[in-house]
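The lines below spell out each chain.
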Amino acid sequence: MLRAGRLGGACALRLLLAAHTVAAFEPISVGIAIGAASALTGYLSYTDLYCRFAECCREEQPLNASALKQELEEKLFGQHLATEVILKALTGFKNNKNPKKPLTLSLHGWAGTGKNFVSQIVAENLHRKGLKSNFVHLFVSTLHFPHEQQIKLYQDQLQSWIRGNVSACASSLFIFDEMDKLHPGIIDAIKPFLDYYEQIDGVSYRKAIFIFLSNAGGDLITKTALDFWQAGRKREDIQLKDLEPVLSVGVFNNKHSGLWHSGLIDRNLIDYFIPFLPLEYRHVKMCVRAEMKARGSAVDEDIVTSVADEMTFFPKDEKIYSDKGCKTVQSRLDFH
C-alpha cells in the first residue's frame, strides 16, 4: 500500500508538470491532467493539488498579522513608526475584501535604516517565496531606468509590466528601490493603476500593493529626530503626524526624489509616507548581535562593541546617529 501511494503521488506530480507545460496552449489538457492527478490522490481539489507543487496566487489568503508583528518587532531596530504604520496598513488592507484602490506605501530615510529589510519582510509575509516569488516584482532605478533620454520608453514598459503581472495575479507586490535616483516623470506612468478605478481595460488593480523606497527626505527626518533629542524627548515620542506632512511636501518639491511634482502626491494616491529614523549607537549594536546570531555565532559583546565603535556618527559634536545606519555591519563583522 505504501508503495502504491508513492507511485500515485509520483504520477500525480508528473501529470501536474505535464499540465503546467501545456497550460499556455491547451486548457482542456490541463483539466484532464489535473483531474487525473486528483483521482490518484483521492481528495484534493484542482487548486489545492496544483498549488502543492507550484506557487499559486492566493488572492484571498489572509495575512498572519501576529507573525508580521513579531518579525517587525524582533528584527527591525529603532523604527517604532515604521513597525506601527506598516502593520496597521497591511492588516487593514488585507482584511478588506473590496479595497477601493491599491495600497501604496512610500518609505523614506537614510541608507541603512531598514527600508529594504522591511520590504523583504513584507514580501515574505505576503507570498511564501518572498522576493523570489513570481508575484513580487523589484524595480531598481539605476538598473531598470538608467537613461534620462528614454523616459517615454520606460513609461510604456512599466505600464506593460504592471498590467501583465496584475493580470496574472491581482495581489501582486511591486517594490521600487532607489526612488531618489528615478528620473522625474517616470513613476507617473503608473498613476492610473494607483487611482480609484474599478477596472482599467478589464483589469482591476485594487488588490495590488506598491512600495517605494527612497533616501529623499532623510534630512527632514533627521532634523525632527534631532529636535526631539535636543528637547530631552525620547525618539519613541515622535509620531507620524510630526513627520508625514512635512515629508510629503518635501518629497514633492525635491527634484531628486523621483516624486518631484508627481501626480501620485498631488492626487493623494500614496496612502502613507513612512519615515525611518536615523539609528543610534545602541541600535547599531542590536544589528551586530542580530547578524552574529544569523551566522550561527555566539554573541560576543566585545566584538559587538568593537564593530559599533568603528562606525562614524553625526552630528560632528554630539555624535548621536550612525551615518550609514546598519548598512556596513555585515562587512565590518567579517574582519572580526
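The name given to the protein in an unreviewed UniProt entry is Torsin, and the organism recorded there is Vicugna pacos. Of the protein, the UniProt comment under Sequence similarities (unreviewed entry) reads exactly: "Belongs to the ClpA/ClpB family. Torsin subfamily."

Trainee: Before we go on, may I ask you to explain the sheet that holds strand E1 (residues 103–108) in this structure?
Mentor: Sheets are built from strands that pair by backbone hydrogen bonding, the pairs being arranged parallel or antiparallel. In space, the 5 strands of this open sheet follow the order E2-E3-E4-E1-E5, with parallel pairing throughout. Taken across any chain shown, the strands that pair with only one partner, and hence form the sheet edges, are strand E2 (136–140) and strand E5 (272–275). Going across the sheet, the axis of each strand differs from the next one's by a mean of 15°, ignoring polarity. Taken strand by strand, helix H11 (residues 240–252) contacts E1 and E5, and its axis lies near 110° from that of E5.

Trainee: Which parts of the structure should I look at to understand the pattern of salt bridges?
Mentor: On inspection of all chains with the given rule, the structure shows 14 salt bridges. Note that Lys181 and Asp180 form a salt bridge whose closest N and O atoms lie 3.6 Å from each other. Taking relative accessible area as the criterion, Lys181 reaches 42% and is therefore assigned partly exposed. Residue classification places Asp180 among the buried residues on the basis of a relative accessible area of 17%. For the salt bridge of Asp334 with Arg295, the shortest nitrogen-to-oxygen distance reads 2.9 Å. Of the two residues, Asp334 is situated in the segment after helix H15 (329–333) and Arg295 in the loop between helix H13 (281–294) and helix H14 (301–310); the sequence distance between them amounts to 39 residues. Residue classification places Asp334 among the exposed positions, given a relative accessible area of 53%. Residues participating in the shared-partner salt-bridge network are Arg235, Glu236, Glu280 and Arg282.

The rules behind these values
Residues numbered from 1 in each chain as written. Predicted model: local features only at pLDDT ≥ 70, side-chain atom pairs only at ≥ 80, totals over all residues. Heavy atoms only, no water. UniProt positions renumbered as here; feature names shortened; annotations may be inferred. Pairing = 2+ DSSP bridges. Helix = DSSP H or I, 4+ residues; strand = E, 2+ residues; numbered from the N terminus. Axes fitted to C-alpha atoms, helices over the stretch in contact; angles between N-to-C directions. Contact = heavy atoms within 4.5 Å. Salt bridge = Lys/Arg side-chain N within 4 Å of Asp/Glu carboxyl O. Buried < 20%, exposed > 50% of the residue type's maximum accessible area, 1.4 Å probe, protein only.

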